[in-house]
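# Descriptive structure summary
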Amino acid sequence: MSVDLSIFQQSFFQEATELLNDLETNLLHLEDQKEDRELLNTIFRCAHSIKGGSATFGFPEIAQFTHGLETLLDRVRDGKVPVTGELCRVLFQSLDQMRALLAQGMGQSNLVPDDTELTAHILALSECEPGGPTATSSPEQTSQDAKSSSVADKFLLHFAPGPDVMRTGGDPCLLLGQLLEIADVESVTRNDLGIPPLLEMDPEACYVAWDIQFQSSESRDVILEIFDFVSDESDLRLEMVTPIEDENPEIATAIPTGQPAAPADNISRPETTILRVPADKVDRLVNLVGELIITQSMLNEVTLDFEMDRKPRLLEAVAAMERASRELQERIMGIRLVQLKHAYARFPRLVRDLSAAVDKKIELITVGEETELDKTLIEGLGDPLTHLVRNAVDHGLEGPAERKAAGKPEHGTIKIISRYEGGNVIIEINDDGKGLDRDRILSKARERGLVSESEIPTDDAIYAFIFHPGFSTAKQVTNLSGRGVGMDIVRQAIQGMNGSISLSTNPGQGTSFRIRLPLTMAIMEGLSLRVGKEVYILPLTSIVESLRPSPSDLSLITGKHPVVSVRGEVLSVLALHEWFGIDGAITNPCEALLIIVENEGHKVALLVDELITQNQAVIKSLEANYRKVDGITGATILGDGRVALIIDVPGLLRGMNHERGLATRAA
Amino acid sequence: MSRVALVVDDSTSMRQMVSYTLKDAGFSVIEAGNGQEALDKLAAATGGKVDLIITDLNMPVMDGLTFIKNARTKPSAKFTPILMLTTESGENRKAEGKAVGATGWIVKPFQPDQLIRVIQKVLPA
């Protein structure tokens, strides 16, 4: 039998990544709780598991490196090596090294720092002799294919299993059976003198012994190895009856077992990502599918000879179907949900390293990290969040002296709070630092011509300038941030995930960024609406209100673009039928309907024929099936089988501003 | 009816590998991520009995040695072959394992066919 171990590599990668993250978290705790035995055990276990897995699945470099680390951790765990700052530092370095090795194994990078010094450091700390056992050096030799010598030797084996052999699940007969496979038995003498009278006999004990004379071409070690599980408790003697003339078989049997699979440079890795799903979630899905099938057969039966008097049963079946399919949908979506703590995992380390670099004292608090979010979103959140945390460390929070002078605790705090809000997840990144400098942002904005000298924008509008491309008020470009790329990228990334970001700040008290993301990207609450004969879906989250204007509310600016006045607020009107080029739609707003949509505080009134209903739209990618279309997020399939396009409100507004901006300038 | 093996390891990849090997050899496999879970699954197995147990030693919640000790107190698992997954750096673990009732061990890293050969030493073919 041969099993290709590479099919488990994806699992191993994922697991190793998680283990390294756990290791990191625990190392961070270790700095505060140097005496915590359980913590040390956990840390050891992480390293141990990584070593075991990497050796098994063909990554000897990782195994070899981790072996030294494991030895050190074992000694730390036993209290033989103290937990010191130096030890923690080496452990963190080792963690980085393992990450680099793993990335190399995954084919993501080839940049593995030289570990000679680090390995030496680890050895020095564990006071371990170099050249100790290495993880890859001694896979157990159980090979039966080492039939090297054709010359059979004669052996005499005395085997008296311990009385308790069966109590540990052992079976002497099996071992003798194994012996038979490699031996030609000449004689067997069973010694059952030890069997006591029936009344004194313990039926679970073994009283029998054997003397077996046999010939075998196997070496003494291979024969003894059959009995290795019981050798300690048994009386086991193996004597060679005829002395060997040739002392060489020992060498010949030392054939290495299967080399660990070569690091898979040339193995093409599947690009699949693996989703780990708790078994009970899957079980529940299976149950639901079962329910669906039952309802289906119920429907079959009801509709077969349908009479009107059976309508209640039909409705009942349809209702059951709806319940099951809705729950199925929710649960399947739930499979893609991952806890936010995976996105947060890197922050404790990040904050620790960064705050050390800038000499600040910072505490990181995360709240609600069990909040779940779509896996794709979690992955996309990593970089924007990292940027915000970096910013908070570098710009937001002050140094201890400055904080003290301001009457604040020396320790700055960064608090990341996440929670559900409706169909969204809210993530807040708060710091209790000095807050944004309103005047500096304003003068910078004036400098860059974003605001005219006379204009005095609202505070919110001023703070929003930090999201402008290339906008940075950092006086000095530091190593951490302040290179002027940043907040606009953060905003783009968040918007790319259908989310939004806003901020609030209080001078002297801190800054808070608020990210809002849809729970999942694949399903959306929407309002279906009609324009001519076409049906579109508008995301519910962007809709403010709908109204039918009276003629007096409408006017044209620059003689061309219609606007509507809604309770004193003047909004542009965008006629969807014009935008999408649809004939047969109602063109007079007073006979049709205006839907006010909002994005980033910017409101527009969309002209549509009528609203149909609110529904859940399963988003199908347009890009994957056709190509990207401005103003359209994707498509969905309506209950009657028709395709409806989903309107991308931010994209639509951008497009409109662009076009009207051009038109105005051209006019 | 196929024989049932209980595979206990906190490492998913290791568990998958062992399970895959066992399934390939005709076992049906129950998996558990730690000793406590393994005891629960053992109790829930048909007749509270499995034909073979393979367990890692270093695990959270309940380690392998504690699990073996506990399993041996169950009448249904009194004589069940129990193999430990151990590492070459854990030589003394073999003795500790035997002391609490393990039948044998296999040293990590191992290849699937090595596992099958070790199983043949504790379970009739």
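Small disclaimer: the values here were computed from a predicted structure and weren't measured.

### Remarks on the overall build of chain A
Looking only at helices and strands, chain A has 20 helices and 22 strands in total. Burial status across chain A gives 30% buried among its 667 residues. Across chain A, every contact between residues at least 6 apart in sequence was considered, and the portion connecting residues at least 24 apart equals 68%.

### Remarks on the overall build of chain B
Each helix and strand counted, chain B has 5 helices and 5 strands in total. Start at the N end of chain B and walk to the C end: the helices and strands fall as β-α-β-α-β-α-β-α-β-α. At a minimum sequence separation of 6, the contacts of chain B that also span at least 24 residues come to 61%.

### Side note on the sheet that holds strand β5 (residues 104-108) of chain B
Residue and element names in this part refer to chain B. In space, the 5 strands of this open sheet follow the order β2-β1-β3-β4-β5, with parallel pairing throughout. The sheet is open, and its two edges are formed by β2 (28-32) and β5, each paired on a single side. Across the sheet, the mean angle from the axis of one strand to that of its neighbour is 20°, orientation sign disregarded. For strand β1 (residues 4-8) and strand β3 (residues 52-56), the ladder comprises 4 bridges, and the chain directions are parallel. Opposite Leu 6, over in β3, you have Ile 53 as the bridge partner. Running at roughly 155° to β3, helix α3 (residues 64-72) makes contact with β1, β3 and β4 (82-87) of the sheet.

### Side note on the interface of chain B and chain A
At the junction of the two partners, chain B supplies 39 residues and chain A supplies 36 residues. Counting residues per element, the ones that place at least two in the side of chain B that touches chain A are α1 (12-24), β4, α4 (91-100), β5 and α5 (112-120) of chain B. Of the residues forming the side of chain B that touches chain A, the biggest block, 8 residues, is contributed by α1(B). By residue class, the composition of the side of chain B that touches chain A is 16 nonpolar, 15 polar and 8 charged.

### As for the nonpolar core
A:Ile43, B:Ala5, B:Leu6 and B:Ile54 are the most contacted members of the largest nonpolar core, which totals 69 residues. In this structure, B:Leu6 is in contact with B:Ile30, B:Ala32, B:Ala38, B:Lys41, B:Leu42, B:Val50 and B:Ile53, ignoring residues within four places of it in sequence. Ranked by size, the runner-up nonpolar core spans 41 residues in total, among them A:Ile362, A:Ile378, A:Ala392 and A:Ile466.

### Overview of unusual backbone geometry
The omega torsion of the bond from B:Lys108 to B:Pro109 falls at -5°, within 30 degrees of zero and hence cis. Here B:Pro109 is to be found in the loop between β5 and α5. In the Ramachandran plot, A:Asp359 falls in the positive-phi region, its phi being about 60° despite a non-glycine side chain. The residue A:Asp359 is located in the loop between α12 (347-358) and β6 (362-367) in this model.

### Some points on the pairing of strand β21 (residues 632-637) of chain A
All names here are of chain A. Bridging between β21 and strand β22 (residues 643-647) involves 5 bridges; their strand directions are antiparallel. In the strand pairing of β22, Gly 634 is matched with Ile 646. Between β21 and β22, which pair antiparallel and follow one another directly, the connecting turn spans 5 residues, one of which, Gly 641, has a positive phi of 95°.

### Quick notes on the sheet that holds strand β15 (residues 554-557) of chain A
All names here are of chain A. What the 6 strands build is an open sheet, ordered β14-β18-β19-β17-β16-β15; its pairing is mixed. Two strands in the sheet have a free side with no partner beyond their single neighbour: β14 (543-547) and β15. Along the sheet, successive strands turn relative to each other by an average axial angle of 35°, direction set aside.

### Digging into the environment of A:Ala461
Residues and elements named next belong to chain A. With respect to the helices and strands, Ala 461 occurs in helix α16 (residues 459-464). Residue class for Ala 461 comes out partly exposed when judged on the 15 C-beta atoms lying within 10 Å of it. As for Ala 461 and Leu 442, which are separated by 19 residues in sequence, their C-alpha atoms are 9.6 Å apart.

### Focus on helix α2 (residues 35-44) of chain B
All names here are of chain B. Every buried residue belonging to α2 is among Gly 35, Ala 38, Leu 39 and Leu 42, and all of these are buried. All buried residues of α2 fall inside an arc of 100° around its axis, so they share one side. Facing away from the buried surface of α2 by more than 90 degrees, the exposed residues are Asp 40 and Ala 44. Elements in contact with the buried residues of α2: β1, β2, β3 and α3.

### What about the confidence of the model for chain B?
When pLDDT drops low, the exact placement of atoms in the prediction is not to be read closely. For chain B, per-residue confidence averages 86 on the pLDDT scale, and residues scoring 70 or more make up 96% of the total. Model confidence for the complex is summarised by a pTM of 0.50, with the ipTM given as 0.81.

### What about the confidence of the model for chain A?
Considering every residue of chain A, the mean pLDDT works out to 79; 86% of them sit at 70 or more. Note on residues 244-271 of chain A: pLDDT under 50 across the span, and 32 contacts to partners over four residues away in sequence or across chains.

### A few points about the packing of α2(B) against α3(B)
For any two helices packed against each other, one specifies the inter-axial angle together with the distance between the axes. All names here are of chain B. Following both chains from N to C, one finds α2 and α3 inclined at 25°, their axes separated by 9 Å at the closest point. When the axes of α2 and α3 are compared, the pair comes out roughly parallel. For the pair α2 and α3, the crossing hand works out as right-handed. Residues Gly 35, Ala 38, Leu 39 and Leu 42 of α2 form the contact with α3, whose participating residues are Gly 64, Thr 66, Phe 67, Asn 70 and Ala 71.

### Considerations on the environment of A:Thr168
Here A:Thr168 is to be found in the loop between β1 (153-160) and α6 (172-182). Separated by 62 residues in sequence, A:Thr168 and A:Val230 have C-alpha atoms that sit 9.6 Å apart. Those residues in contact with A:Thr168 that lie beyond four places of it in its chain are B:Lys98, B:Gly101, B:Ala102 and B:Thr103.

### Quick look at the packing of helix α13 (residues 375-396) of chain A against helix α17 (residues 487-496) of chain A
Residues and elements named next belong to chain A. Where α13 meets α17, the closest approach of the two axes is 9 Å, and the angle between their N-to-C directions is 150°. As summarised for this structure, α13 and α17 are arranged roughly antiparallel, according to the angle between their axes. In this structure, the crossing between α13 and α17 has a hand that is left-handed. Here α13 contributes Gly 380, Asp 383, Pro 384, His 387 and Leu 388 to the contact with α17, which in turn contributes Val 490, Ala 493 and Ile 494. Taken together, the residues of the contact of α13 with α17 sort by class into 5 nonpolar, 2 polar and 1 charged.

Rules behind the numbers
- Residues numbered from 1 in each chain as written.
- Chains lettered and ligands numbered in written order.
- Predicted model: local features only at pLDDT ≥ 70, side-chain atom pairs only at ≥ 80, totals over all residues.
- Helix = DSSP H or I, 4+ residues; strand = E, 2+ residues; numbered from the N terminus.
- Buried ≥ 20, exposed ≤ 12 C-beta atoms within 10 Å, placed from the backbone.
- Contact = placed C-beta atoms within 7 Å.
- Pairing = 2+ DSSP bridges.
- Axes fitted to C-alpha atoms, helices over the stretch in contact; angles between N-to-C directions.
- Nonpolar A, V, L, I, M, F, W, Y, C, P; charged D, E, K, R; others polar.
- Core = buried A, V, L, I, M, F, W, Y, C linked by C-beta atoms within 7 Å.
- Arc of directions from axis to C-beta.
- pLDDT = per-residue confidence, 0-100.
- Parallel < 35°, antiparallel > 145°, perpendicular 65-115°, else oblique.
- Left-handed = near helix turned anticlockwise from the far one by under 90°.

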